[in-house]
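One-letter residues, chain by chain:
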Amino acid sequence: MIDEPGNADGDNMPDWDNLQDVWQDTPPVDMAKLVRNARFVWWRMRINFVAEIVASVVGAIVFGTLVDFSSLPATLVGGFGMLYCGIAFWAAIHIRRGAWGSNAGEDALLLVQLQIRRARSMLLYIKLNSWLGYAALLLVVLGYWLLFDRFGSFDNDGFNHVHWVFGVMVFLILAFPLALRPFVRKKKFEISMLEKIEAQLLEA
Amino acid sequence: MNFKAVLQENGTMLSRIVSSYEADPALQQELLQDVSLALWQALPKFRGTGSLRGYVAKVAQNRCITHVGKAVRQPKKAVLDDNLIADGEGLEESIHRSQQRVQLLAAVRELPLSLRQVTTLALEGFSHKEIGEALAISENNAMVRFSRAKAALKKSMRPEHLPTQGQSDD
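Reading the values: the criteria
Residues numbered from 1 in each chain as written. Chains lettered and ligands numbered in written order. Predicted model: local features only at pLDDT ≥ 70, side-chain atom pairs only at ≥ 80, totals over all residues. Heavy atoms only, no water. Salt bridge = Lys/Arg side-chain N within 4 Å of Asp/Glu carboxyl O. Helix = DSSP H or I, 4+ residues; strand = E, 2+ residues; numbered from the N terminus. Buried < 20%, exposed > 50% of the residue type's maximum accessible area, 1.4 Å probe, protein only. Lys, Arg positive; Asp, Glu negative; His and termini not counted. Contact = heavy atoms within 4.5 Å. Arc of directions from axis to C-beta.

Draft legend 1. The arrangement of the pattern of salt bridges in detail. All names here are of chain B. Following the criterion strictly, the structure yields six salt bridges over all chains and no others. Measuring nitrogen to oxygen at the nearest pair gives 3.5 Å for the salt bridge that ties lysine 129 to glutamate 133. Here glutamate 133 and lysine 129 lie together in helix 6 (residues 128–135), a separation of four residues that amounts to about one turn. For glutamate 133, a relative accessible area of 39% translates into the label partly exposed. By sharing partners, the salt bridges in this structure join Arg16, Arg53 and Glu124 into a single network.

See below:
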């Protein structure tokens, strides 16, 4: 308990000047490390964004080459794949909307509201990805249909690796939504906390 | 505007503001890094209205407010800092000052958000006018909030509200 004799308030409340001294008596901070980290995160955000955009464009091109209007399964696989990559392209941009330059210099309320919108966008993105994943199970079926359409049968050791690839795909598609449940719960909690802060700032 | 120079000049202020929003030392480091990134991105937008120091404090406050919404945690025990033993200061004095700081931080963290913002800026030495500019409120409003903040801090720092000796230790 800070207990200074003769303080201005005449009770146990410490003198304000003393509080300021106590407050400002802090150990030094490693500034060079902070600068390095800020630069690193800034570049990482941009590199991740470019990588996602390039992957979705390349994916769309690859799926586009599969489209063959003389073969229904080929057209469906190619078309669905292009659609999937298009949605990934849109999501990569939409999620980061407003994230490039910091709005932290603006009003705290606006910033909190922006964070709420971003958190809701993230939940929407996860939900969308989960549904697209389930729809991608259809890709597996279409993929087998396409292979059967081209090769006639699966009685070939060369198809073992195809079975493995599709098997891993199915596992990941089903495991993805389950693995993200703790993250989704955390985001929902974050939204509720941010909404409480928003209410406090609106009252002030 | 040189980011490194701004950070050099205001880094300890930023760490104090971060401490008023986050008790966990590990999360403080993360939040401080988030604040420094936010500052780097926000600095080009500074138009010279008000002081640069006030703008830096505002960026830090705003970033910390959104962090409060994200953290899912129980109140952590405050840790006495081992680095506070200054030259010429005895061990007992250093421990006493360290405990005072822990208690002050705990009291500030208990304040409602609007009062905590004013309190941290006032403790940093900002005038009512500067606090008003940083928080986008009138100088009069800043004075009123400051009075309420002092009263709330007084209540928080009564002996029955402060953490005991055992709770402050690591």
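Right, picking up where we left off after that structure.
Draft legend 2. Representation of the side chain of B:Arg116. Residues and elements named next belong to chain B. Inspection of the secondary structure puts arginine 116 in helix 5 (residues 113–123). For the buried residue arginine 116, which engages in no salt bridge, the nearest side chain bearing the opposite charge is glutamate 22, 8.8 Å off. Not counting chain neighbours up to four residues away, the residues in contact with arginine 116 comprise Ser20, Tyr21, Val108, Arg109 and Leu111.

Draft legend 3. Representation of helix 6 of chain B within the structure. Residues and elements named next belong to chain B. Along helix 6, the residues that are buried comprise Ile131, Gly132, Ala134 and Leu135. With its buried residues spanning 165° around the axis, helix 6 presents them on a single face. Note on helix 6: the residue one or two positions beyond its end, alanine 136, has a positive phi of about 60°.

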